[in-house]
Amino acid sequence: MAQYSRVSGSVGLITLQNPPVNALSAAVRQGIVDTVKRALGDPEVKAVVIRGQNGVFCGGADIKEFGTNMSGPHLVPMIHAIEAANKPVVAAIEGIALGGGLELALGCHYRVAHSKARLGLPEVTLGLLPAAGGTQRLPRLIGVPAALDLITKGRHITAAEALQLGVVDQVTGHGTVDAAVKFALSVAGKPLDARRISTYPCPRTSDLDALFEGVMQKVRQSARGAIAPIACVQAVRAAATLPYLQGMEREKELMATLFTSGQARALQYSFFAQRAVGRWSTPSGARWDTSKPRPVHIAAVIGLGTMGRGIAVALAQAGLSVIAVETQEKQLMEAKQAVSGMLERGAKRRGVAPALDKVSYSHDIKAVADADLVIEAVFEDMALKRTVFRQLSAVCKPGTVLCTNTSGLDVEHLASQTRNPQLVVGMHFFAPAHVMKLLEVVYGPQSSPQAVATAMQLGKKMGKVSVAVGNCRGFVGNRMLKPYLEQAFFLLEEGATPELVDRALEEFGFPMGVFKMSDLSGLDVGWRVRKADGLAEPVGASGQPARIRQGQRYSPLGDLLCEQGRFGQKTGRGWYQYDKSGGQVASSDPWLHSFLEGYRAMHGLVARRIDLQEVLERCLYALINEGFRILEDGIVAGPEDIDIIYVFGYGWPRHRGGPMFYASMVGLERVLERLEHHHKAHPDVPHLQPCSLLRRLVSSGSPPVHRWREVLKKLNSQL
Ligand SMILES: CCCCCCCC/C=C\C/C=C/C(=O)SCCNC(=O)CCNC(=O)[C@H](O)C(C)(C)COP(=O)(O)OP(=O)(O)OC[C@H]1O[C@@H](n2cnc3c(N)ncnc32)[C@H](O)[C@@H]1OP(=O)(O)O
């Protein structure tokens with residue numbers, strides 16, 4: 001809806017009304033058309049101001065309408081009518097002007113913004129482009145290079161940057177609507193021809209071809225297969241080379257392709273999934289809207305290795321007082337320096353003062369006595385963590401929430417070491433902890449709703465995307481990674497190379513294939529875990545055949561590399577070779593290829609031709625199958641949780657939505673059929689055996705992913 005009133009005698013004031021962000025739903029679009037007509041037809045009205053209710057201008061097109069039978073007036077003619085008006089129209093921008101919201105403002109003759117407003121054309125993040133004239137008006141207003149930057153990245157800018165670029169005409173720190181009304185009165189009656197952006201020529205840029213070629217190359221590299229950023233460049237190119245109306249035709253044509261694409265569906269799903277994970281719930285009935293978090297003013301971090309340092313930085317940057325504890329004096333001194341450096345660099349980037357005084361250091365665990373919440377980040381060793389939790393339980397004040405940053409150990413067992421197991425949860429950060437957006441918040445059967453809510457709220461305060469997950473080995477992300485890695489090893493045994501496997505995954509859209517990623521993280525990390533699990537043992541030590549462990553097919557390839565001291569990038573050798581220890585440029589290693597040949601010969605394995613499709617199916621479907629098991633076990637509330645974890649923590653290409661969304665796009669029947677096929681070929685690999693939930697979903701008619709929660713509930717109630 002849009003409301004109309006008259007203010008200051010001669011200004012028509014139009015207020016967009018669609019909480020919470022005044023998205024341009026059919027009703028709002030109709031409201032704008034009607035109220036603009038009314039204002040223009042009212043002889044008393046000399047100028048018009050458009051604003052949004054509740055201090056929010058407009059969050060753009062209504063994303064919930066996409067994929068429905070969209071009715072109501074179209075944005076393009078609506079904005080044209082505003083631009084063509086014979087009375088000045090001023091946009092009063094408070095809060096946000098995003099997507100269609102900014103396009104609406106660009107159709108107005110003037111823009112007045114509040115100093116705290118944020119503006120942008122984020123359509124590319126939804127798999128779209130600004131198709132209400134944004135790709136044609138913005139370059140005409142601010143020039144091609146700046147428009148390309150904003151449109152292809154979808155980044156939000158501050159009012160100050162908008163003023164500097166020329167996107168807005170005035171910025172105010174006070175009442176934006178009053179300022180806009182005053183502005184409107186000051187320009188009433190003045191000629192408007194020079195204010196219609198669509199009539200501007202695109203500012204000249206030297207060597208346009210070279211500019212577009214360079215930008216296209218960069219965009220292709222970072223897009224990892226996403227099509228929207230490329231279409232954005234093409235649309236801006238049309239603005240720079242064609243008359244306005246032809247440019248608009250090109251914009252429409254490109255949007256038509258994007259609008260119905262699977263990538264747009266995936267990215268829009270991801271937008272809503274990110275919001276859905278914030279509405280967490282646990283099987284015990286705890287929920288986001290009924291659980292009250294404890295206030296956290298002082299947080300402590302125990303253990304200042306790489307993870308602990310990053311966590312301390314993230315906490316300090318979120319404005320908390322941090323007590324950083326490291327018992328080893330030398331490590332403590334090094335950590336102090338490292339944390340200060342990270343805080344200084346982060347502050348410089350964000351243009352704020354570094355929060356150095358927020359962090360205090362100690363080598364004594366008793367220093368955490370006053371903390372409201374403690375995050376243990378010591379070495380990944382259960383015995384050590386147990387000791388720390390017993391100590392924390394003794395020294396912390398009553399009510400302190402105790403968290404462990406384990407990446408997969410049993411949170412319930414750690415809770416049992418304390419006097420108040422209900423106050424214990426996992427907070428699984430991803431390295432580097434002050435940069436990576438994902439946080440898995442792990443609840444055990446005894447964790448109180450308040451403890452879960454406190455960790456979730458703290459994650460939000462640190463700017464993380466927090467996902468509540470149940471307690472199981474590896475939680476969600478690492479549990480699903482296990483079958484994925486296992487398939488990659490088996491493929492090497494059967495004839496693939498690390499280069500082939502990585503190529504398949506990188507072409508799919510991962511920033512790095514599994515072997516390059518393992519080299520980066522360090523092969524010794526997994527080796528240590530496998531040793532602790534009794535898997536990586538010297539050949540023959542258990543009396544079992546070398547490729548069988550605990551009754552199942554096992555590949556010792558990773559262990560054999562570690563035995564050779566090949567730990568990945570840090571040692572200059574792993575699945576690839578690097579120019580030096582710590583080098584980052586991977587190149588194919590002839591040693592590795594002859595090692596694989598020798599290994600196959602030793603085990604009587606005959607290399608066969610493996611194609612990219614098999615690599616994808618084996619690795620991805622094994623991972624997805626584990627996702628179904630996680631859903632079946634009730635470790636997460638819905639597929640959105642898994643998808644967000646994979647997009648934000650494991651490099652799953654966002655334009656593919658996440659593994660569970662991807663499965664639903666491929667078709668559950670197809671995933672089931674291919675898993676059955678691969679399991680038949682490899683009956684000794686349990687991870688390829690289709691999970692019963694997948695079978696049941698297929699039997700229920702393969703519902704789309706947004707209906708799985710409801711189907712899961714129904715299936716569970718039938719058990
Ligand atoms: C054949 C061709 C056919 C073509 C026809 C196409 C017509 C389109 C023409 C032109 C192109 C224009 C496209 C667009 O404008 S796309 C939308 C662009 N806008 C955005 O991407 C903004 C998305 N929103 C955000 O980034 C954030 O929500 C925020 C910054 C606005 C606010 O953040 P925050 O305060 O953190 O709140 P939430 O994110 O939690 O959001 C609150 C609530 O609001 C919902 N919501 C937000 N934006 C929209 C929207 N644009 N449409 C619908 N709903 C929106 C959000 O989902 C939350 O809802 P809740 O979870 O139910 O509470």
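Residues numbered from 1 in each chain as written. Predicted model: local features only at pLDDT ≥ 70, side-chain atom pairs only at ≥ 80, totals over all residues. Heavy atoms only, no water.

Colleague: Would you take a moment to explain helix α19 (residues 514-521) for this structure?
Modeller: In an α-helix there are 3.6 residues to a turn, and that puts residues three or four apart on one side. Taken residue by residue, α19 has Val-514, Phe-515, Ser-518 and Asp-519 as its buried positions. Buried residues in α19, looked at end-on, bunch into an arc of 140°, giving them a common side. Among the structural elements, α17 (477-494), α18 (498-508) and α20 (523-532) are those in contact with the buried residues of α19. Of the residues flanking the end of α19, it is Gly-522, one or two places downstream, whose phi is positive at about 105°. (Buried < 20%, exposed > 50% of the residue type's maximum accessible area, 1.4 Å probe, protein only. Helix = DSSP H or I, 4+ residues; strand = E, 2+ residues; numbered from the N terminus. Arc of directions from axis to C-beta. Contact = heavy atoms within 4.5 Å.)

Colleague: I tried to follow the nonpolar core on my own but got confused; where do I start?
Modeller: Here is a general trend for soluble globular proteins: nonpolar side chains tend to be buried in one another's company. Of all hydrophobic cores here, the largest spans 104 residues; its most connected members are Val-368, Val-501, Trp-575, Leu-620 and Phe-628. No other element matches the 11 residues that helix α23 (residues 612-632) contributes to this core. In this structure Phe-628 touches Met-660, Leu-668, Cys-691, Leu-693, Leu-694, Leu-697 and Trp-708, once residues within four positions along its chain are discounted. Among the nonpolar cores identified, the runner-up in size contains 70 residues, and Leu-75, Ala-147, Ile-157 and Ala-264 belong to it. (Core = buried A, V, L, I, M, F, W, Y, C linked by side-chain atoms within 4.5 Å.)

Colleague: Teacher, can you tell me more about the site of the ligand here?
Modeller: Near the ligand you find 28 residues, and of these Gly-59, Ala-61, Ile-63, Gly-100 and Arg-275 are the closest. At a separation of 2.8 Å, an oxygen atom of the ligand approaches a polar backbone atom of Ala-61. Here an oxygen atom of the ligand sits 2.7 Å away from a polar atom, N or O, in the side chain of Arg-275. Taken by itself the ligand offers 1,200 Å² of open surface, and the protein chains cover 72% of this. Put simply, the parts of the chain that give the shell around the ligand at least two residues each are β5 (96-98), α3 (100-107), α10 (244-259) and α11 (262-276). Its residues placed into classes, the shell around the ligand shows 18 nonpolar, four polar and six charged. (Near = heavy atom within 4 Å. Polar contact = N/O pair within 3.5 Å; in protein donor to acceptor, adjacent residues only side chain to side chain. Areas by Shrake-Rupley, 256 points an atom, 1.4 Å probe, with all protein chains shown as cover. Nonpolar A, V, L, I, M, F, W, Y, C, P; charged D, E, K, R; others polar.)

Colleague: Got a minute to help me understand the UniProt feature "domain: 3-hydroxyacyl-CoA dehydrogenase NAD binding" (unreviewed entry) in the protein chain in this structure?
Modeller: Per the UniProt record, the feature "domain: 3-hydroxyacyl-CoA dehydrogenase NAD binding" (unreviewed entry) sits at residues 299-471. The annotated region residues 299-471 carries 38% helix and 23% strand content, and the separation between its end C-alpha atoms amounts to 23 Å. (UniProt positions renumbered as here; feature names shortened; annotations may be inferred.)

Colleague: Is there a simple way to explain the domain arrangement of the protein chain in this structure?
Modeller: Accessible area lost upon the coming together of the parts is a frequently used measure of interface size. Structurally, the protein chain comprises domain 1 (2-126 + 141-200), domain 2 (298-474), domain 3 (496-602) and domain 4 (612-718). Distance between the C-alpha centres of domain 2 and domain 3: 31 Å. (Domains from an automatic or database assignment.)

Colleague: I tried to follow the sheet that holds strand β7 (residues 118-120) on my own but got confused; where do I start?
Modeller: The pairing of strands in a sheet comes from backbone hydrogen bonds and takes either a parallel or an antiparallel form. The three strands are arranged β5-β7-β8 in an open sheet whose pairing can be described as mixed. Both edges of this open sheet fall to β5 and β8 (157-158), since each of them pairs with a single strand only. Direction of pairing for β7 relative to β8: antiparallel, over a ladder of two bridges. Paired with Arg-118 across the bridge in β8 is Thr-158. (Pairing = 2+ DSSP bridges.)

Colleague: When you look at the packing of helix α27 (residues 692-699) against helix α28 (residues 708-718) in this model, what are you seeing that I'm missing?
Modeller: For any two helices packed against each other, one specifies the inter-axial angle together with the distance between the axes. Between α27 and α28, the least distance of the axes is 11 Å, while the angle of their chain directions is 105°. Judged by the inter-axis angle, α27 sits roughly perpendicular to α28. Between α27, through Leu-693, Arg-696 and Leu-697, and α28, the contact on the second element is made entirely by Trp-708, Val-711, Leu-712 and Leu-715. Class assignment for the residues of the contact of α27 with α28 results in six nonpolar, no polar and one charged. (Axes fitted to C-alpha atoms, helices over the stretch in contact; angles between N-to-C directions. Parallel < 35°, antiparallel > 145°, perpendicular 65-115°, else oblique.)

Colleague: I would appreciate a short explanation of the UniProt feature "domain: 3-hydroxyacyl-CoA dehydrogenase C-terminal" (unreviewed entry) in the protein chain in the present structure.
Modeller: Per the UniProt entry, the sites bearing "domain: 3-hydroxyacyl-CoA dehydrogenase C-terminal" (unreviewed entry) are residues 474-578 and 615-702 in this numbering. The span residues 615-702 carries 67% helix and 0% strand; its end-to-end C-alpha distance comes to 24 Å.

Colleague: Got a minute to help me understand the pairing of strand β3 (residues 47-52) in this structure?
Modeller: If a strand is regular, its side chains alternate between the two faces of the sheet. Taking burial as the measure, the six residues of β3 include five buried ones, the bulk of the element. Following the chain from strand β2 (residues 11-16) across helix α1 (residues 26-41) to the adjacent parallel β3, one finds a crossover that is right-handed. Pairing of β3 with strand β4 (residues 89-93) involves three bridges; the strand directions are parallel. Note that in β4 the partner of Ile-50 across the bridge is Ala-91. Crossover connection from β3 via helix α2 (residues 75-84) to parallel β4: handedness right-handed. (Right-handed = clockwise from strand over helix to strand, strands pointing away.)

Colleague: Help me out: how do you make sense of the environment of Arg-155 in this one?
Modeller: Positionally, Arg-155 belongs in the loop between α5 (144-153) and β8. You can call Arg-155 partly exposed: its relative accessible area is 29%. A distance of 2.9 Å separates a polar atom in the side chain of Arg-155 from a polar atom in the side chain of Asp-149.

Colleague: Looking at this structure, how should I read helix α12 (residues 306-317)?
Modeller: Spanning 12 residues, α12 covers 17 Å between terminal C-alpha atoms, matching the ideal 16 Å at 1.5 Å per step. Of all 12 residues making up α12, nine are buried, and the element is well covered by its neighbours. Considered for burial, the residues of α12 that qualify are Gly-308, Arg-309, Gly-310, Ile-311, Ala-312, Val-313, Ala-314, Leu-315 and Ala-316. (Expected span 1.5 Å × (residues − 1).)

Colleague: I'm lost on the pairing of strand β12 (residues 359-362) in this one. Help?
Modeller: Two strands pair when backbone bridges link them, and strand β11 (residues 321-325) and β12 are joined in this way by four bridges, in the parallel orientation. If you follow Val-325 over to β12, its bridge partner there is Ser-362. A crossover links β11 with its parallel partner β12, the connecting element being helix α13 (residues 329-350), and its sense is right-handed.

Colleague: Just to check I follow, could you spell out the packing of α17 against helix α22 (residues 590-602) for this structure?
Modeller: Contact pair α17 / α22: the axes reach a minimum separation of 9 Å and the direction vectors enclose 80°. With respect to each other, α17 and α22 are oriented roughly perpendicular. Between α17, through Leu-492, Glu-493 and Glu-494, and α22, the contact on the second element is made entirely by Leu-596, Tyr-599 and Arg-600.

Colleague: How do you make sense of the packing of aromatic side chains when you look at a structure like this?
Modeller: The description of an aromatic ring pair rests on the distance of the ring centres and on the angle between the ring planes. For the structure on display, the rule yields 19 aromatic pairs. Judged by centre distance (6.4 Å) and plane angle (20°), the rings of Phe-489 and Phe-515 are stacked. With Phe-489 in helix α17 and Phe-515 in helix α19, the pair connects residues that are 26 residues apart, well separated along the chain. Its relative accessible area of 1% is what places Phe-515 among the buried residues. Centre to centre, the rings of Trp-591 and Phe-595 are 5.1 Å apart; their planes meet at 5°, and the pair counts as stacked. On the criterion of helical spacing, the pair formed by Trp-591 and Phe-595 is a turn pair, its members being four residues apart in helix α22. A relative accessible area of 32% means that Trp-591 is categorised as partly exposed. Ring-pair connections join several aromatic residues into one group, and the members of that group are Tyr-484, Phe-508, Phe-510, Trp-652 and Tyr-662. The aromatic ring of Trp-527 is capped on one face by Lys-531, whose charged end is 3.6 Å from the ring centroid. (Phe/Tyr/Trp six-rings, centres within 6.5 Å; stacked < 30°, edge-to-face > 60°. Lys NZ or Arg CZ within 6 Å of the ring centre and 35° of its normal.)

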